[in-house]
Amino acid sequence: MEMLVALAIGILTASGTFLTLRGRTFPVVLGLTLLAYAVNLFIFSSGRLVIDGAAVLQQGLPVPDPLPQALVLTAIVIGFAMTAFAVILSMRARADLGNDHVDGSIRSQQNDGDQR
Amino acid sequence: MMDTMPFVLELLLSVLILFGAALVLIGSIGLVKLPDFYTRLHAPTKATTLGMGSLLIASLIFTSYVEGALTVQQLLITLFLFITAPIAAHMLAKTALHLNISAHHRTANIELQDSARNRQVPNTDPK
Amino acid sequence: MLMTALYIAFALISLALLLTVISLARGPSIPDRVLGLDTLYINSIALIILYGIAEASTIHFEAALLIAMLGFVSTAALCKYMLRGDIIE
Amino acid sequence: MFARWFPMPMQSTVLFVAWLLLNNSISPGHLLLAAILATAIPRYCLPVQSKQPKGHKPLLILRYFGILLWDIVVANLTVAKLILGKNQNLSPSFIAVPLDMRAELPITILASTISLTPGTLSADVSEDRAWLYIHALDVDDEALLVAEIKQRYESPLKEIFQC
Amino acid sequence: MSHLPILPILIPMLAGILLLLPPLRTTLTRQRIASLVSAGINLLVAVVLLNQSATGEVAVYAVGDWHPPYGIVLIADRLSALMLLLTAILLFAALLYASAGEDETGRFFYPLMMFQALGINGAFLTGDLFNLFVFFEILLIASYSLLIHGGGKHKTRAAVHYVFLNLVGSAIFLFALGVVYGSIGSLNMADMALRVRELSGAELELAKVGGLLLLVVFGLKAAMLPLQFWLPRTYATAPGPVVALFAILTKVGIYCMMRVHGMIFGDYAGDIADLIQPWLWATAILTIAIGAIGALSSPSLKRLAGHLVIVSVGTLLSALAINTPAAISAALYYAAHSTLAGAALFLVSELISEQRGGALDMIVRSRPVAQPVALGITFFITALALIGMPPFSGFIGKLMVMQSATTMMQMSSTWPTLLIATLFALVAFSRAGSTLFWRATGKNSDNIKVSSTKYAAIWLLLLAAPLMSLFAGPIVEFTAATAAQLDQFAQTPEILLNGGNR
Amino acid sequence: MLYWIPLLTLLGTLLPLATRNWSRTACAWSTAILPAVALILVVIQSPAVFQGNTLVEHYPWVTQLGLEIAFRLDGYALLFIFLILGIGLLIILYARYYLSEQDDMGRFYAYLILFMTAMLGIVMSENLLQLWAFWELTSISSFLLISFWSHKTDARKGARMALTVTGMGGLALLAGILLLGDTLGTFNLTEILARGDEIRASGRYPIILILILIGAFTKSAQFPFHFWLPHAMAAPTPVSAYLHSATMVKAGIFLVGRLYPSLSGTDLWFFLVTSTGTATLLVGAYIALFKHDLKGLLAFSTISHLGLIMLLFGLNSDLAAVAAVFHIINHATFKASLFMAAGIIDHETGSRDMRKLNGLWRYMPHTASLAIVAALAMAGVPLLNGFLSKEMFFNETVHQSSLGALSWMLPVLATVGATFSVAYSARFIHDVFFNGEPINLPRTPHEPPRYMKIPVEILVGVCILVGMAPAWVVGDLLNNASSALLQGDLPEYSLSLWHGFNIPLMMSITALILGLVIYNIRERLFAFQAKFADRDAKLEFERLVQLTVEAANNLYARLETNRLQNYVLTLFIFTLAVTAWPLMQIAETTGDREQLPPDWIAFGGILTLSLAAIMTLVWHRKRVIALISVSVVGLIVALIFARFSAPDLALTQLAVEVVTIILLMLALFFLPQSTPKESSPGVVFRDLGISIMVGGVMATLAFAMMTRPLETISDFFTANAKTGGGGTNIVNVILVDFRGFDTLGEITVLGIAGLGIYKLIRRMRLSLPTADSSGRAWSSDTHPMMLAMVSQALLPLALLVSAYIFLRGHNLPGGGFIAGLITAIALIQQYIANGVFFMKGKLRLDYQYLIGWGLLIAVATGLASWMFDRPFLTSWFDYLNWPVVGKFEVASAMVFDLGVYLTVVGATLLILSNLGKLSTTERPTEGENI
Ligand code: NA
Ligand code: NA
């Protein structure tokens, strides 16, 4: 089972990384989202895996490490806030710069008017 | 507690579970198998409602038995599904019509597609 | 017997899950994919219900409830997107 | 007075029951909470509800849902069979159903009903709400289907909503 | 009990919140007064904290009354007090400057500045690694929002780079936290410092990975090579007062290396001791080099300022690489100096660009500035301080860093870099200054009305240059004591687990 | 009280600024006061010094760095102080008449006195670090003086050149001083002078020596660093007269003399100092002859004389050192007066070109006679001071033997140098004051104002007096200075005019004759010199700087591509780099913790997840599809959380995911529907490689962790959740209690994000696409009827559910955050189904206030605990038992969670609803800001 989860983490991270390396805002945002999922699973896994564990205190059931779960929750929320900002920023960039390239200009007209 | 469960109950549960799961699977099969979007649309909306229904009932009975008291939260889920599933299907159909996704050629009165898309009265004269 | 039934059921649902994803991947049209997503929501509810029985705990019903609600919202939003582009207008 | 506190009695009832279902308990505490929520939520939601005809004849409503449930069961089995059968045997079709009702709520209920029942699916409603376009998975006689829809579902709805 | 340690977090937070609600949010005047007052109180608290810590007292504040290592603790020691004071000064000066008009160019300026300060202060106070992450995110999201304050192509373009890069950084931070927790099993820094000594085998290596991932994160924050390229453009486009506050951000990264790596992966960490030092040597030198080169090639004064920030970061890194108490002490003094002087320069450039019409702060011939004398003197002092010319603080700071290099190897690697960087800065500044102030054509526009508030703000920061030099003796005593205290924590983290000491 | 001397002059910088608006004379006087007082102070101190004492004062500054305020007054310093203050005062007087009406006299004097302070600081420093500080101060203040006429390009450039060259030297000097201090463990001069042998013995001696000499040579314009000095002539003449006769350029000489006891006496010293000195002497003297500009000639002659002095120091002979000191005095006097004379000429004729200036004797005989005397002194004509020191110089060159068999070379070269100095002196005299009539000068020349000549007269007087009666005039001064310099007994020497007919005398005579000869054949020499392209040092230097800057630009441009993709790539590569090594150290990836058996669901789930992730990756250019795939990933992740006993995570993940999807859809409407294919196959391959490595690393880490047992602090939470936190849902208790502080921060982030996004949206101007990507017009059905119906019907239910989730959160999965998201989503659904118009004003909510209140409530809950003298956020709970209602729990955590709930609702809706407004007429209006 651990192997499977690790695999999932790996694939998510890889896809996320690849997308964050793209040149347009939208794929990058998607990449960040995937990275966020990967990160959440990763932290979660740092508490080790427990099946049939008690989510809330119950007698006689193995309790999974709750701390990583709490951390992941915080991470999810923060990740959400950040993604939201990134998304809107992408729109703003499109509005202000007329294109959705992460550098605000297509390769050919790089650095135009960016002498400040 | 499962080993103490009366045979009949267990049987009933097993049947419900298998029946439900089977229906859910059939829904997905339909998704893959059926010829065009409009037919595919039927598969999940239907097969799943009953499938989910029986699964939920199974779980309702089971948990009621385990908790030793009637637990009926499942009904709420069922309610949600039954309210939303048809509308979701409707929206999808509407979208498909709007996007002009062609129906299977053997579909009858295929021309109604256009009147449906434009939300006009039907014009049944064949094109 | 119940356990056996459950395991079979799990297998069936997992299969359904895969089939759905396949159809989702296959498309061909975007509504097809959305339909796939919608079905996936339904399947996962089924999964959770079964899981609840297997675990003999009701802890996951909220998850099922939420999926039922949110699945509808996202499907509706996606359709609205394809119909009007702007989902909040 | 009652109308002011419970502008939407129907909803209030549903909420009251739903709360008890959710917590599946009828302890006094929950009854109290349920009452509070059933009063508060509708009052808050009222502004975002468009005016709709009220439903009458509770018995008829129950009967309607009874029929509906039964049809769903049947529908699922037929559809399941169709899905597993050969695609060639399917004879799908678009059908326009003339409507006698114009109010939004009844039409919505009718459409949902149709979508939930035998091989039919509500696709859209004409702008003047006079026609309901449905897609059927496998029909041999359209007229029959339309007639059945109108008498089996529409007429009871017309009665319930008195329109 | 004393709630002093948490005040630097609560004051800006409450201020920020109340500024969002009536009655404060309704008029600009109210916002200005309210935020300046709260910044003042914040400054006061910082001073009190510094006094308290100067006695050697370490206040450990257990939030929620859950004691370490289980709950989140705030640590008010010499180091955090020093950093808090710096932040408080910056905040006050920045707000003062902004109150002269910068605050009208967009919404939520004051609340956001408050939240920015909240994030920074939190980062300086917390003794819990994950809580540190949370405060990082607070200061980041606030900085994102402040960066685009006032709007405009340039800001948006820079923001996209800054935001996306830092989002990836945050992801790496979380990976790091995952590994660290997964191998050490705690989040309280002191507790981790104790646990890490017990590690061996694979767990040890995992902890190392975690520590090094943290270096990447802090390095990105600190603009350490090769993660520094984003800084100059970003800082050049952001509004003046905002950047003035940003001047502390790179130091947050440095601070974290001191606190986290110094304590958990420091001299006493057994097999994992001095984890990052090998990496720091190269990066420090190269960071200084790239900063100096950038400074020489800067087209505008703000870019120049940005590159000087990078040089200062490199200098601090070299001190961290030497990693003796003397070096840490030097780093602290230098950090204080470079933060204040750097912030001053950003504000000065803002003033200059206001007075040169279309040329802004670009280093090109243009109309003369409206106030050659006042502005000239201000610029001149700032430049001297930043280059490291006597008699100002930069001179002392540079001396300290250079003297902290003791072995021939340390000298031969740090001295030439530092001195050449100084020369480059000298050349860059003399070119910039003589062009900005002397290579003028046409009439200066007399219609420019410069409020004295802005000068007040700048001089509030700039006074540090002579004062820090004049009172270098006692200040160095403090920084030395701070370095000693850090060393003590690294050696016996128990102190922080048993609720501090006197 | 020594510190008063520099302190007075430092204060003196303020007076002229204060009196700049008074009459020019008044300004000049007020400037002169404090330096004069300082001079008196020195005179009062001098007797003690003349008895051979050394006065030293220490004041602590940064003792930890060996940096202290320490002043020293001995004969050597005294000599320089007299030069600095004495000539300084004369310059003040002179400048009063030199500067014109439009010059800002106050500023000029301020700079001048600042420079004076710096010089005094150098010569009086007892602490080497302090000396260095003043050293740099001279560079800075001279920069200001040279660039005084900042509107002139060559003034700016000359100033920058001087600053750069001397600044560079200064840094070398600092390194040298620090190394020296590190070797001896002190920066105090007294000790350093006493421990010369230690220094010379140390292995670091060569480095120290070279670094310090670089400092000195650059400052004293020694070859090859001499080029900056002539261009410093762009300064007003008083500045040149001051900086380049007595002060600035003498600083280097001073340092060499000051450290003579500690550093001299080695072959390396001899080699470096002598050769540099000789080269400078010759180069300067030679070029001086060819300068048509008066000040140019003087500048190069200065260089040459500085070389001479340096050469003397290099000879490792005490007598030579004495000669050097003597020449310092003499050169200061005659060169200052010459500069002033040149200034007068420039001032009164408007030209400095010797080709135009002719026969001025007739127009300004008085000035002419003064200048001629000074020039003769420069040429080393007997009965003038220049002659004496030159004789001593010749004598020394003759009597050294360090070059063995080649020792004869030095006297010869010395004579050559002297010859040229005679030649250019002759030119100065003849070309300017005789040699026919002036050629079209701007003004007709005449004598300057009376007082402008006084400084010159005084200095020339000194030249003559010293020349006539050296022992009587400067004997004591020279003795004291020299003995202080040598830190020991003086060698035998006599300051008499006549030492008999010896080799030095012959050398002088030869030089005189040959010099005149050379002057006579100068035309031919000019012609010869003209063959060589006259290389302008300023241009060379400018080009050098330009090249450096361009090199910097290119290098930087290559490194700094200003492309985010490169930044991110660097970040990932750096990440891989640091993690690689420790990972390689892990022998066995799989740990000994018992692993869970894989099962059907897990398998199906992970497979689905992977498929979806890959779909996102493959179809990232078809954006809608990518979006759908991402939401699949989100769903599965939620299921995984549910599977591994983390319902809270599952719920949160689900809710967040849906909101994110809606957000992305809103954005996608305005963004291009597809991504163009930009990356070349190579790039894609590279990126894939990096990505796979990163993924691999993280997977490995995860696996290595998961398969190893771990002792964590979590048992505490499990143990105390119910008893201490009052909840059975440990995760939620951690969130709102154990680590409630994190949650507070987290909702703050959310709130801030809301505000920031609002900022982003307000000024956003986007054009609405009228058709979808395939060009199909949008459907006419804005708000499908049935969807609207059902959404309305669902709203109450959704709110009910969120209330349910909220209330149970503390004991069962749920809580404020999830409840908040559900509420938000339910409301957003209304926006989607019914539209902004329909919703407008129907929900009585100001989302911005909601954020504020939410945060406020959360903080207030935390503050409440202060009333019970507990730390911030200390939780409190109790079980009430009311009639009818029954037993139920009330906990402060729930109030806190309410804050969370409100913030979440506020932030989410602030974002989404405003975003919706983008496309409607509800666009936020410009202007109103707060
Ligand atoms: Na949370
Ligand atoms: Na929760």
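Note that the structure is predicted; figures quoted are calculated from it, not measured.

**Here we look at the overall build of chain C**
Okay, so step 1: Secondary structure summary: chain C contains 3 helices and 0 strands in total.
Okay, so step 2: Each helix and strand of chain C, ordered N terminal to C terminal, gives the series α-α-α.
Okay, so step 3: Taking 2.2 N^0.38 as the reference for a compact globule, 89 residues should give roughly 12 Å; the C-alpha atoms of chain C span a radius of gyration of 16 Å, well beyond that estimate.
Okay, so step 4: Counting only C-alpha atoms and orienting by the principal axes, one finds that chain C spans roughly 50 × 30 × 10 Å.
Okay, so step 5: Summing over all exposed atoms, chain C offers an accessible surface of approximately 1700 Å²; the carbon and sulfur share of this is 74%.

**Section: a nonpolar patch on the surface**
All names here are of chain F.
Okay, so step 1: Judged by side-chain polarity, Leu383, Ile464, Met468, Leu497, Trp498, Phe501, Met506, Ile509, Ile513, Val517 and Ile521 come together as a nonpolar surface patch covering roughly 1000 Å² of accessible area.
Okay, so step 2: Counting residues per element, the ones that place at least two in the nonpolar patch are α21 (450-468) and α23 (503-520).
Okay, so step 3: When residues of the nonpolar patch are assigned to their parent elements, the largest contribution, 4 residues, is made by α23.

**Things to note about the interface of chain B and chain D**
Okay, so step 1: At the interface, 47 residues of chain B touch 48 residues of chain D.
Okay, so step 2: Across the interface of chain B and chain D, roughly 3900 Å² is buried in total on both sides, 69% from carbon and sulfur atoms.
Okay, so step 3: Of all residues in chain B, His42, Lys46 and Arg119 of chain B give up the largest surface area on contact with chain D, accounting jointly for 17% of the area buried on that side.
Okay, so step 4: For Lys94 of chain B, the salt bridge goes to Asp124 of chain D, with nearest N and O atoms at 2.9 Å.
Okay, so step 5: Counting across the interface, chain B meets chain D through 16 residue pairs in polar contact (both at pLDDT 80 or more).
Okay, so step 6: Going through the elements one at a time, α1 (7-33), α2 (37-67), α3 (73-98) and α4 (112-118) of chain B are the ones with two or more residues in the side of chain B that touches chain D.
Okay, so step 7: When residues of the side of chain B that touches chain D are assigned to their parent elements, the largest contribution, 11 residues, is made by α2 of chain B.

**Quick look at the packing of helix α2 (residues 25-46) of chain A against helix α6 (residues 153-184) of chain E**
Okay, so step 1: Packing of α2 of chain A against α6 of chain E leaves a shortest axis separation of 9 Å and a crossing angle of 10 degrees. The orientation of α2 of chain A with respect to α6 of chain E, classified from their angle, is roughly parallel. Mapping the contact onto sequence places Thr25, Val28, Val29, Leu32, Leu35, Ala38, Val39, Phe42, Ile43 and Ser46 of chain A in α2 of chain A and Phe164, Leu167, Val168, Ala171, Leu174, Phe175, Gly178, Val179, Tyr181 and Gly182 of chain E in α6 of chain E.
Okay, so step 2: Its residues assigned to classes, the contact of α2 of chain A with α6 of chain E comprises 16 nonpolar, 4 polar and no charged.

**Observations concerning the environment of Leu249 of chain E**
All names here are of chain E.
Okay, so step 1: Relative to the elements of secondary structure, Leu249 occurs in helix α11 (residues 249-264).
Okay, so step 2: For Leu249, a relative accessible area of 4% puts it in the buried group.
Okay, so step 3: For the pair Leu249 and Ala123, spaced 126 residues apart in sequence, the C-alpha to C-alpha distance is 10 Å.
Okay, so step 4: Ignoring sequence-local partners within four residues, the contact set of Leu249 consists of Gln116, Ile120, Leu139, Ser143, Tyr162, Lys221 and Tyr235.

**A few points about the nonpolar core**
Okay, so step 1: Judged by nonpolar contacts, the single largest core of 765 residues is most densely connected at Phe164 of chain E together with Phe313 and Phe741 of chain F.
Okay, so step 2: No other element matches the 21 residues that helix α3 (residues 66-97) of chain A contributes to this core.
Okay, so step 3: Not counting the four nearest positions on each side in its chain, Phe164 of chain E is found in contact with Thr25, Val28, Val29, Leu32, Ala86, Ser90 and Val102 of chain A, Ala159 of chain E together with Leu564 of chain F.

The rules behind each value
Residues numbered from 1 in each chain as written. Chains lettered and ligands numbered in written order. Predicted model: local features only at pLDDT ≥ 70, side-chain atom pairs only at ≥ 80, totals over all residues. Heavy atoms only, no water. Helix = DSSP H or I, 4+ residues; strand = E, 2+ residues; numbered from the N terminus. Rg over C-alpha atoms; globule rule 2.2 N^0.38 Å. Areas by Shrake-Rupley, 256 points an atom, 1.4 Å probe, with all protein chains shown as cover. Patch = residues over 30% accessible without salt bridge, like charges linked within 9 Å, V, L, I, M, F, W, Y side chains within 5 Å. Salt bridge = Lys/Arg side-chain N within 4 Å of Asp/Glu carboxyl O. Contact = heavy atoms within 4.5 Å. Buried area = accessible area lost by both parts, 1.4 Å probe. Polar contact = N/O pair within 3.5 Å; in protein donor to acceptor, adjacent residues only side chain to side chain. Axes fitted to C-alpha atoms, helices over the stretch in contact; angles between N-to-C directions. Parallel < 35°, antiparallel > 145°, perpendicular 65-115°, else oblique. Nonpolar A, V, L, I, M, F, W, Y, C, P; charged D, E, K, R; others polar. Buried < 20%, exposed > 50% of the residue type's maximum accessible area, 1.4 Å probe, protein only. Core = buried A, V, L, I, M, F, W, Y, C linked by side-chain atoms within 4.5 Å.

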